[in-house]
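Here are the chains, one letter per residue:
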Amino acid sequence: MSEKPASAPGTDEPLFHGRLHYKILLATLLCAAPLIFGVDYLFYRNLRRDKIAEQGRQLQRIAATTATLLDAAELPPEALLKPEATLEMRALSARLRAVQRVNELDQPIELFYWREGKPVPAEGLASPPLTRGLRPEARQAVQRQEVLSTDVYTDRDGAWISAYAPFRLAPDAPVAGVVAVSARADRMNLLIIDHFKILFLEVTLTGLFIIVFFSLILRYFVTQPLGRLLEGVRAMTRRDYAYPIPTTANDELGALARAFVQMRETLQHYVAELESFAQTLEEKVEERSIDLMSANQELLLANSELYENQRQLRKINEDLRRANLAVMETNRLKSEFVANMSHELRTPLNAIIGYASLLQRGRYGALTEAQLRALTRIAENSTNLLELINTFLDFSKIAAGKMEVNVSEVDLAQFLSETIAPLDALARAKGLTLRLEAPPRLPPAATDPSRLRQAITNLVSNALKFTEQGSVTVALRLEAGAEMFAIEVRDTGIGIAEKDLPHIFEEFRQVDGSATRKYGGTGLGLAIAKKNILLLDGVIEVESEVGKGSVFRVRLPLRLREHEMMEASEKPIALPSRSPDNRIVLCIDDEPDLAQQLKAMLDLTHYTVIGARNVTEGLELTTVLHPRIVVLDLILPGVSGLAYLERLAEDPKLKSIPVIVVSQADRRTAQAAFEFPMVIGYHPKPLDRGWLLNNLRKIERETLSWHQASAADQPADRQAESLLS
Ligand code: ADP
């Protein structure tokens, strides 16, 4: 369509406005042209046929008249058949010329004799002489005995039209010859063309007129309404919704116009709504922006407060860490003190017991009854005291993580019978039955018998201590598909109240003062039993009812796990941490489980577990804390655990920190990690407590020997004590 500005509605629109109109016009022209030319051709053909027929009729008439006028009947019938009949022929020719002259015939007329079935031209007749001969078409016509025929043809002299008339020498005689009248067709053709020109002009002009008329109708009914519609759309883009569009037509265009007007009204309505909405929105955005700015300012303020809080928190953390270290140091000193004191107390106590025994046996002379009784009390009390001190020593040793686990093959039934045998005397003295229940054939267990003995002895001693009548039973059985075994110590004693059950395994915890007074004890028996069981990868649980009795149940692995993984012993530790007081274990793992597991495992030791969730955090904490040991998972978010090891290896201050890898990474990654000199062990998840403690012990020993080497002037044993406590 045209791009020029829209003309106003009305009559000032150009006649062939718009490209669509031209296209329709051109298409109509292209369709109509063959039609016009076809009609022209038909007219031409009819005109030519009519003209030829008219001319042919004239010539036929001339030929027939000439044949009649020749009056050949006067001649004898065979006159012309003879070859020497030249005279007759001349006479006939002369007659023909006379006829031509009289009738003023200017067309060339020929005469053919019929001799031996062939037409022979009469000589000396035409001037100039004709050379065409009788055309085959004429010959056939004569042979078919047709009276007249017309022939149109072209030869080297030009276009001709001929007519033929046969003549006979007698009315019933056969055909004797043919009169051929010819006329030039050129003039006739010129006439036809002149006629045709006029016809062509008439037809073509009529066609064109029809096309223009058709296009005008089309303009009125189609392109003009379409143009108006287009202008309406353009006006709408200029937000002019009032452009008049006629909607009265009852055809599809009329319906389109009506639909458009309806759409325009809806659109106008929506635009108005949208504008008002935009206006409100703008106002709201402005309002929100102000709110946002003030919120932002508040946020900034809060952020700075947060930053300050964080700074304070970091300071508190640091203080806490220092306090923790101080507590650990105090704890270490306490354990050291307990160990030393126990040691120092045992020597004189052993001497007291020894001398009392000598006195009792009368080594230093006879004693009175009263003296002997007093001496027995002294010996008993001293033995009790020694037991007490031994208990303390055991506890402080376990607490310091100094207790080694030495696994050996154990026949459990025999082991239990040997363990409870020394307690049988006590049971009998109290009138109690001490029983052992064990299945007949049991597979041997692999565990530490001395750790287990201490735990079972404590449980059975308690059972005997808190039972006045009835029995104490030690029952053994296999569990969990023969991978675990359980030992139950059941008594019919005083039982434990439900509220006290959660506390009985705590150190120095006794159920109440009166009971203590009645039964005695230190409150360490169950704590020691529990720690021993934990060392053996086992669990201990209790069920009890006041007045009815208690059941203490110990569950342990039948074969204490052997680790085929890479142990610390396989590798020398590069350089132990230089500060033996530092007992920080840094655990780098994105999941909190490992750190929690470590905390639970190292609960009874002097180690403090600190967690880091990724390599960056891990590196920061390593630099700040210089941990005694790092427990590292290789699969970490973002940067891998191997990258952490690389960074550690590059830093001369950090590369001496031993690392234990605990990961579920594939074997190749684990081996790549193990290539680093500071990696001293690898264990797949879940971590095993015994394995971890063994490794920690090895680190402690290395640290100890390093310190002995570097500080040879200090007494070595004292130093070892302080490092291992
Ligand atoms: P104690 O040296 O006092 O026996 P334990 O740690 O062995 O210390 O036991 C802690 C407390 O648990 C005891 O004081 C006692 O109250 C309670 N207890 C332990 N074993 C039994 C039991 N078999 N029957 C009833 N109470 C028990």
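Residues numbered from 1 in each chain as written. Predicted model: local features only at pLDDT ≥ 70, side-chain atom pairs only at ≥ 80, totals over all residues. Heavy atoms only, no water.

### Considering a nonpolar patch on the surface
A surface patch of nonpolar side chains, about 680 Å² in accessible area, is lined by Phe 209, Ile 210, Phe 213, Ile 217, Tyr 220 and Phe 221. Residue placement: Phe 213 occurs in helix α4 (residues 186-237). (Patch = residues over 30% accessible without salt bridge, like charges linked within 9 Å, V, L, I, M, F, W, Y side chains within 5 Å. Areas by Shrake-Rupley, 256 points an atom, 1.4 Å probe, with all protein chains shown as cover. Salt bridge = Lys/Arg side-chain N within 4 Å of Asp/Glu carboxyl O. Helix = DSSP H or I, 4+ residues; strand = E, 2+ residues; numbered from the N terminus.)

### A few points about unusual backbone geometry
Even without being a glycine, Arg 239 presents a positive backbone phi close to 65 degrees. Residue classification places Arg 239 among the exposed residues on the basis of a relative accessible area of 54%. Although it is not a glycine, His 626 sits at a positive phi angle of roughly 45 degrees. According to the relative accessible area criterion, His 626 is partly exposed, its value standing at 31%. (Buried < 20%, exposed > 50% of the residue type's maximum accessible area, 1.4 Å probe, protein only.)

### Concerning the layout of surface pockets
Taken as a whole, the second largest pocket holds about 460 Å³ of empty space. Lining the second largest pocket are 18 residues, and of these Arg 314, Asn 317, Glu 318, Arg 321 and Leu 621 lie nearest its centre. Elements that contribute at least two residues to the lining of the second largest pocket include exactly α5 (252-360), β14 (608-612) and α13 (615-625). The biggest single contributor to the lining of the second largest pocket is α5, with 10 residues. When grouped by side-chain class, the residues that make up the lining of the second largest pocket number 9 nonpolar, 4 polar and 5 charged. Counting contributing residues, the lining of the second largest pocket receives three or more from each of domain 3 (247-403) and domain 5 (584-708). (1 Å grid on protein atoms, 1.4 Å probe; cavity = no way out; pocket = protein on both sides within 12 Å on 5 of 7 lines; lining within 4 Å. Points joined across faces, edges and corners; volume = space filled by probe spheres on them. Nonpolar A, V, L, I, M, F, W, Y, C, P; charged D, E, K, R; others polar. Domains from an automatic or database assignment.)

### Quick look at the sheet that holds strand β13 (residues 584-588)
The strand order across the open sheet built from 5 strands is β14-β13-β15-β16-β17, with neighbouring strands paired in parallel fashion. Two strands lie at the open edges of the sheet, namely β14 and β17 (679-683), each paired on one side alone. Within the sheet, the average angular offset between the axes of one strand and its neighbour, ignoring direction, is 20 degrees. The sheet contact formed by strand β16 (residues 659-662) and β17 spans 4 bridges and is parallel. Residue pairing in the sheet places Val 662 in a bridge with His 683 of β17. (Pairing = 2+ DSSP bridges. Axes fitted to C-alpha atoms, helices over the stretch in contact; angles between N-to-C directions.)

### Overview of the environment of Ser 93
Take Ser 93: it is sitting in helix α2 (residues 86-102). Spatially, the C-alpha atoms of Ser 93 and Ala 122 are 7.3 Å apart, while their sequence positions differ by 29 residues.

### A few points about the nonpolar core
Leu 452, Val 460 and Phe 485 are the most contacted members of the largest nonpolar core, which has 38 residues in total. Tallying contributions element by element places helix α9 (residues 449-465) first for this core, with 7 residues. In this structure Leu 452 touches Leu 412, Phe 415, Thr 447, Phe 485, Ile 487, Ile 533, Leu 536 and Leu 556, once residues within four positions along its chain are discounted. (Core = buried A, V, L, I, M, F, W, Y, C linked by side-chain atoms within 4.5 Å. Contact = heavy atoms within 4.5 Å.)

### Digging into the packing of α9 against helix α11 (residues 525-535)
At a minimum axis distance of 8 Å, the contact between α9 and α11 shows a crossing angle of 150 degrees. Crossing geometry of α9 relative to α11 is assigned as left-handed. Counting all contacts with α9, which are made through Arg 451, Leu 452, Gln 454, Ala 455, Asn 458, Leu 459 and Asn 462, the residues of α11 involved are Gly 525, Leu 526, Ile 528, Ala 529, Asn 532, Ile 533 and Leu 535. Considered class by class, the residues forming the contact of α9 with α11 number 8 nonpolar, 5 polar and 1 charged. (Left-handed = near helix turned anticlockwise from the far one by under 90°.)

### Overview of the packing of aromatic side chains
A complete count under the given rule lists 6 aromatic pairs for this structure. On the basis of an interplanar angle of 15 degrees and a centroid distance of 6.4 Å, the ring pair of Phe 209 and Phe 213 is categorised as stacked. Of this pair, Phe 209 and Phe 213 both sit in helix α4, separated by 4 residues, roughly a single helical turn. By relative accessible area, which is 57% here, Phe 209 ends up exposed. Aromatic side chains Phe 505 and Phe 552 sit 6.3 Å apart centroid to centroid with 80 degrees between the ring planes, which places their arrangement in the edge-to-face category. Note that Phe 505 is positioned in the loop between β10 (484-491) and α10 (513-519) and Phe 552 in strand β12 (residues 549-557), a separation of 47 residues in sequence. Neither Phe 505 nor Phe 552 differs from the other in exposure class; each is buried. Feature note: the residues Phe 37, Tyr 44, Phe 196 and Phe 200 constitute an aromatic cluster, connected by ring pairs. The aromatic ring of Trp 160 is capped on one face by Arg 184, whose charged end is 5.0 Å from the ring centroid. (Phe/Tyr/Trp six-rings, centres within 6.5 Å; stacked < 30°, edge-to-face > 60°. Lys NZ or Arg CZ within 6 Å of the ring centre and 35° of its normal.)

### A short note on the sheet that holds β10
Two orientations exist for strands paired in a sheet by backbone hydrogen bonds: parallel and antiparallel. One open sheet accounts for 5 strands, arranged β7-β9-β10-β12-β11; its pairing is mixed. In this open sheet, the two edge strands, each paired with only one partner strand, are β7 (433-437) and β11 (539-545). On average, each strand axis in the sheet is inclined to that of its neighbour by 15 degrees, with strand direction left out of account. Sheet analysis places β10 next to β12, joined by 7 bridges and oriented antiparallel. Bridge pairing links Val 489 to Phe 552 in β12. Strands in contact with α9 are β7, β9 (471-479), β10, β11 and β12; relative to β10, the strand with the most contacts, it is inclined by about 20 degrees.

### What to know about the pairing of β16
On β16, burial covers both faces: Val 659 and Val 661 on one face and Ile 660 and Val 662 on the other are all buried. In terms of strand pairing, strand β15 (residues 629-632) meets β16 through 3 bridges, oriented parallel. Considered in β16, the bridge of Leu 632 is made with Val 661. Remark: the β15/helix α14 (residues 641-650)/β16 crossover connection has right-handed handedness. (Right-handed = clockwise from strand over helix to strand, strands pointing away.)

### Focus on the environment of Asp 537
Take Asp 537: it is sitting in the loop between α11 and β11. In this structure, the C-alpha to C-alpha distance between Asp 537 and Asp 688, residues 151 residues apart in sequence, is 8.3 Å. Apart from the residues lying within four places of it in its own chain, the contact partners of Asp 537 are Pro 557, Leu 560, Asp 688, Arg 689 and Gly 690.

### So, the packing of α13 against α14
Look at α13 against α14: their axes get within 10 Å of each other, and the N-to-C directions meet at 30 degrees. Of the possible angle classes, the one that applies to α13 and α14 is roughly parallel. Between α13 and α14 the crossing geometry is right-handed. Of the residues in α14, those touching α13 at Val 615, Gly 618, Leu 619 and Thr 622 are Gly 641, Tyr 644, Arg 647 and Leu 648. Classifying every residue of the contact of α13 with α14 gives 4 nonpolar, 3 polar and 1 charged. (Parallel < 35°, antiparallel > 145°, perpendicular 65-115°, else oblique.)

### Section: the confidence of the model for the protein
Looking at the protein as a whole, its pLDDT mean stands at 79, while 82% of the residues score no less than 70. Element-level mean pLDDT values for the protein span from 37 in helix α17 (residues 716-724) up to 95 in β10. Between residues 1-16, whose pLDDT stays under 50, and residues either more than four places distant or in other chains, the model counts 27 contacts. (pLDDT = per-residue confidence, 0-100.)

### Focus on the pattern of salt bridges
If you walk through the whole model with that rule in mind, you get 22 salt bridges. Across the pair Arg 239 and Glu 275 runs a salt bridge whose closest N-O atoms are separated by 2.3 Å. Within this pair, whereas Arg 239 is found in the loop between α4 and α5, its partner Glu 275 is found in helix α5, the two being separated by 36 residues in sequence. Linked through salt bridges whose partners overlap, the residues forming this network are Glu 437, Arg 477, Glu 479, Glu 488, Arg 490, Glu 541, Glu 543, Arg 553 and Arg 555.

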